[in-house]
Amino acid sequence: MEKRCLVLDFDSGSGVVRCFNRENHKLIRLKIGNGESASPGQFIIYNAGESNEQNGILRVLNPRIVDAENGDCVKVGENGKLKISSWIAFSSNENHLTFDRQFGYADWYGFVDCSEVPTDPSCSAFKTEITVNDSECKDNKIFKVVHLKVKIDPRYYREEYDLLMKKMEEEEDKLLEKTRQLSPERPSRSVDAQRAQNKIPSMHNKKSRSRSRSSKIRANMHDSGPPINISEGLSLMNISGPVPPTQSLFETSSSATNSSHSPIPPPLSSFPPAPQFVVHGLVIQKEADNCFIVWLFDTKQIAYLPISTQGYVIVGTCYEFSVISKNDGSACEITKVGKRLEMKPSFEIHQKMDKIVVGIHVDLCCPNTRCQLWSFYMGIPFFNSPDVGIVTMADYLDTPIGLHVQWQETLRLYLGDPRAKNMQCICQLVKQKLPQKLHNSFISDDFVSSSRYIWQIVEVCSSEQHHQIREAQLKRENLGSNGGELEEEDEIARQKRNNRPSVRFE
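Residues numbered from 1 in each chain as written. Predicted model: local features only at pLDDT ≥ 70, side-chain atom pairs only at ≥ 80, totals over all residues. Heavy atoms only, no water.

Asker: Which residues make up the overall build of the chain, and what values go with them?
Answerer: When you go through the chain residue by residue, the secondary structure sums to eight helices and 25 strands. Counting only contacts in the chain whose residues sit at least 6 apart along the sequence, the fraction spanning at least 24 positions is 60%. For the chain, the computed accessible surface area is about 29700 Å², with 49% contributed by carbon and sulfur atoms. (Helix = DSSP H or I, 4+ residues; strand = E, 2+ residues; numbered from the N terminus. Contact = heavy atoms within 4.5 Å. Areas by Shrake-Rupley, 256 points an atom, 1.4 Å probe, with all protein chains shown as cover.)

Asker: Please provide a residue-by-residue account of the pairing of strand S11 (residues 110-113), values included.
Answerer: Direction of pairing for strand S10 (residues 103-106) relative to S11: antiparallel, over a ladder of four bridges. When the sheet's bridge partners are listed, Tyr105 is paired in S11 with Phe111. (Pairing = 2+ DSSP bridges.)

Asker: I'd like to hear about helix H6 (residues 407-414), residue by residue, with values.
Answerer: Count 3.6 residues to each turn of an α-helix, and residues three or four apart come out pointing the same way. By the burial criterion, the buried members of H6 are Trp407, Thr410, Leu411 and Tyr414. Across the axial projection of H6, the buried residues extend over an arc of 100 degrees, all falling on one side. Gly416 sits one or two residues past H6 and shows a positive phi near 80 degrees. (Buried < 20%, exposed > 50% of the residue type's maximum accessible area, 1.4 Å probe, protein only. Arc of directions from axis to C-beta.)

Asker: An account of a nonpolar patch on the surface is needed here, citing residue identities and associated values.
Answerer: Residues Leu373, Phe376, Tyr377, Met378 and Phe447 make up a contiguous nonpolar surface patch of about 580 Å² in total accessible area. Tracing the backbone through its elements, the reader meets Phe447 in the loop between strand S24 (423-435) and strand S25 (449-463). (Patch = residues over 30% accessible without salt bridge, like charges linked within 9 Å, V, L, I, M, F, W, Y side chains within 5 Å. Salt bridge = Lys/Arg side-chain N within 4 Å of Asp/Glu carboxyl O.)

Asker: Could you give an account of the pattern of salt bridges, with specific residues and numbers?
Answerer: Under the definition given, this model contains 13 salt bridges. Asp72 is paired through a salt bridge with Arg4; the nearest N and O atoms lie 2.8 Å apart. Placement of the pair is Asp72 in the loop between strand S7 (64-66) and strand S8 (74-76) and Arg4 in strand S1 (residues 2-11), with a sequence separation of 68 residues. With its nearest N and O atoms 3.0 Å apart, the salt bridge here joins Lys437 to Asp446. By the burial criterion, Lys437 is buried, and Asp446 matches it. Through salt bridges with shared partners, a single network forms among Arg4, Arg22 and Asp72.

Asker: Give me the lowdown on the pairing of strand S14 (residues 276-287), citing residues and values where you can.
Answerer: In terms of strand pairing, S14 meets strand S17 (residues 318-324) through seven bridges, oriented antiparallel. Bridged to His280 within S17 is Glu320.

Asker: Tell me about the packing of aromatic side chains, and name the residues and values.
Answerer: Following the criterion strictly, the structure yields 11 aromatic pairs and no others. Taken together, a centroid distance of 5.6 Å and an interplanar angle of 85 degrees make the contact between Trp87 and Tyr157 edge-to-face. Of this pair, Trp87 sits in strand S9 (residues 82-89) while Tyr157 sits in the loop between strand S13 (143-151) and helix H1 (158-182), and the two are 70 residues apart along the sequence. Classification of Trp87 by relative accessible area gives partly exposed; the value is 22%. Tyr157 gets classed as partly exposed once you look at its relative accessible area, which sits at 40%. For the pair Trp295 and Trp455, a centre-to-centre distance of 5.5 Å together with 75 degrees between the ring planes defines the contact as edge-to-face. (Phe/Tyr/Trp six-rings, centres within 6.5 Å; stacked < 30°, edge-to-face > 60°.)

Asker: I'd like a description of the environment of Tyr304, backed by residues and values.
Answerer: For Tyr304, the position within the fold is in strand S16 (residues 301-306). Dropping the residues within four chain positions of it, Tyr304 is found in contact with Glu287, Cys291, Phe292, Ile293, Ala331, Cys332, Glu333, Ile334, Lys431 and Tyr453.

Asker: Give a detailed account of unusual backbone geometry, specifying residues and quantitative values.
Answerer: Residues other than glycine seldom take positive phi values, yet Asn62 does so here, at roughly 50 degrees. Within the element layout of this structure, Asn62 appears in the loop between strand S6 (57-59) and S7. Positive phi values are uncommon outside glycine, yet His404 reaches one of about 55 degrees. Residue placement: His404 occurs in strand S23 (residues 402-406).

Asker: Hey, could you go over the sheet that holds S14 for me, with residue numbers and the actual values?
Answerer: Strand order in the closed barrel formed by five strands is S14-S15-S16-S18-S17, with mixed pairing between adjacent strands. Averaged over neighbouring strand pairs, the angle between their axes works out to 55 degrees when direction is ignored. (Axes fitted to C-alpha atoms, helices over the stretch in contact; angles between N-to-C directions.)

Asker: Lay out the state of the cysteines with the relevant residues and their values.
Answerer: In total, this model carries zero disulfides according to the counting rule given. Free of any disulfide, Cys19 has its nearest neighbouring cysteine sulfur in Cys5, separated by 4.7 Å. The class of Cys19 is buried, set by a relative accessible area of 0%. (Disulfide = S-S within 2.5 Å.)

Asker: Hey, could you go over the environment of Phe143 for me, with residue numbers and the actual values?
Answerer: With respect to the helices, strands and loops of the structure, Phe143 is situated in strand S13. With 32 residues separating them along the chain, Phe143 and Phe111 place their C-alpha atoms 8.1 Å apart. Once residues within four sequence positions are removed from consideration, Phe143 is found in contact with Leu8, Phe20, Ile84, Tyr109, Val112, Asp113, Ile130, Thr131, Val132 and Asn133.

Asker: Give a description of a positive patch on the surface that names residues and reports values.
Answerer: Judged by side-chain charge, Lys75, Lys83, Lys127 and Lys149 come together as a positively charged surface patch. Considering the arrangement of structural elements, one finds Lys75 in strand S8. We classify Lys75 as exposed; its relative accessible area is 62%. (Lys, Arg positive; Asp, Glu negative; His and termini not counted. Charge placed at Lys NZ, Arg CZ, Asp CG, Glu CD.)

Asker: Any details on the side chain of Asp387? Residues and values, ideally.
Answerer: Tracing the backbone through its elements, the reader meets Asp387 in the loop between strand S21 (382-385) and strand S22 (389-399). Buried within the structure, Asp387 lacks any salt-bridge partner; its nearest side chain of opposite charge belongs to Lys300, at an N-O separation of 6.8 Å. A polar side-chain atom of Asp387 sits 2.9 Å from the main-chain amide nitrogen of His361. Contact partners of Asp387, with chain neighbours within four places excluded, come to Lys300, Ser346, Phe347, Ile360 and His361. (Polar contact = N/O pair within 3.5 Å; in protein donor to acceptor, adjacent residues only side chain to side chain.)

Asker: Give a detailed account of the sheet that holds S7, specifying residues and quantitative values.
Answerer: Taken in spatial order, the seven strands of this open sheet run S5-S6-S3-S2-S1-S4-S7, and their pairing is mixed. At either end of the open sheet lies a strand with only one pairing partner, and these are strand S5 (52-54) and S7. Sheet twist, expressed as the average angle between the axes of neighbouring strands with direction ignored, equals 40 degrees. Two strands pair when backbone bridges link them, and strand S3 (residues 26-31) and S6 are joined in this way by two bridges, in the parallel orientation.

Asker: An account of the side chain of Gln301 is requested, with residue identities and associated values reported.
Answerer: Position of Gln301 among the secondary structure elements: in strand S16. Under the relative-accessibility criterion, Gln301 is labelled buried at 17%. For Gln301, the residues in contact, after removing those within four places along its chain, are Asp120, Ser122, Val294, Trp295, Leu296 and Cys332.

Asker: Tell me about the confidence of the model for the chain, and name the residues and values.
Answerer: As a note on interpretation, predicted positions should not be read in detail where pLDDT is low. For the chain, mean pLDDT is 75; residues scoring 70 or higher make up 68% of the total. Contacts from residues 222-271, a stretch scored under 50 in pLDDT, to residues over four places away or in other chains number 41 contacts. Across residues 502-506, confidence stays below pLDDT 50; counting only partners more than four residues off in sequence or on other chains, it has 14 contacts. (pLDDT = per-residue confidence, 0-100.)

Now the structure itself:
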């Protein structure tokens, strides 16, 4: 059987190649013949049946060294390091290694180090760039993530997303089983029950034991590092450590004599800080008198910009923001306003009075059916937009066939029509009660709801093709034969307008 392994490093003196088997996620050392050489990013192909291992080095006959193919997603950067494009996933099971996001799972490369890259906890899969961390260390730290490219939306990559999550769960379960086998056995029945009880914390329940298994996994991954402070590590993970049998797990030393066993919440300092990252966003509108609503392009969600936050902002303008992601899935909070951006988003922006409406593409042919029970009983349909994610529809809206048309009549026009897969629609940002299942697929109850902001269709213009033709025709009619000169003058005027001092809202 032929094996195909990725070359990580080559020692020309000894002729030993360090390479990685992407099938079983193992690092191997392979000896090639004199006069042959291999470079990082290439692949070695050999017959496993004609190989034998000596002193940890695999000796093979007639290996073939080939360049990477496009489907391998492997390149070599200017600094000579590998640049590998890969999807990674994180588990929502607290017993799994990837739960705390220090590690992620890549289907071709196994568990990879993610400790240097903050991730949005609301997303479970990302497209990333990984590189070689240290080819001499243990399997789980051979590769590390150096850059997050985009989030993976399971609505658009359902088959690939499900396959990645399935592989991750299988590998996580194998790791858990291996850890259980390495765990010490329970005391035998002949051991005095009181002695066994004194050795085991009195109030350990299943959840505590599961978390202990998880901590053992993480300890095994880092056993080559410096000594670990167990008490500090458990406090950061919000896990109660062993205590004397005379004292309850949930009692402090001052209340040890008290018969109450009420849990005492851990101090705020025991929780890890919320991840902070820099994104680009558009100031949409002002909410009440204390904050602005900002739409974040990268995460396709809103964030709150407090008035007290230092910075200059203009409604309808794009900026660079530093934001903190909330662990409860609520809107992000902006901590800092960065530079103003001369960028244009993928959709049109129109300003009406003191708020912004946008022209986006929406699939009206196939509605989003994740919350179809909610849509049936509450009369609120949902649709997919490649520009902003999930959108809803107003009760009455303007369409090419008439004004103030009910949403049911509008839906009948486009439902099942392939030409309606990319319709140009005008949307406004509104706050309304929505099912939590719409943004969290792990919630099974269809009617658990909360108030959130969402883009709402208020006008259906036309298909994207017809929209482009109409816009070009209107431009020719308005500009006439001197259109090119006028457009150039208009661009100069726009640059002058953008260079004016910004208005500061306080």
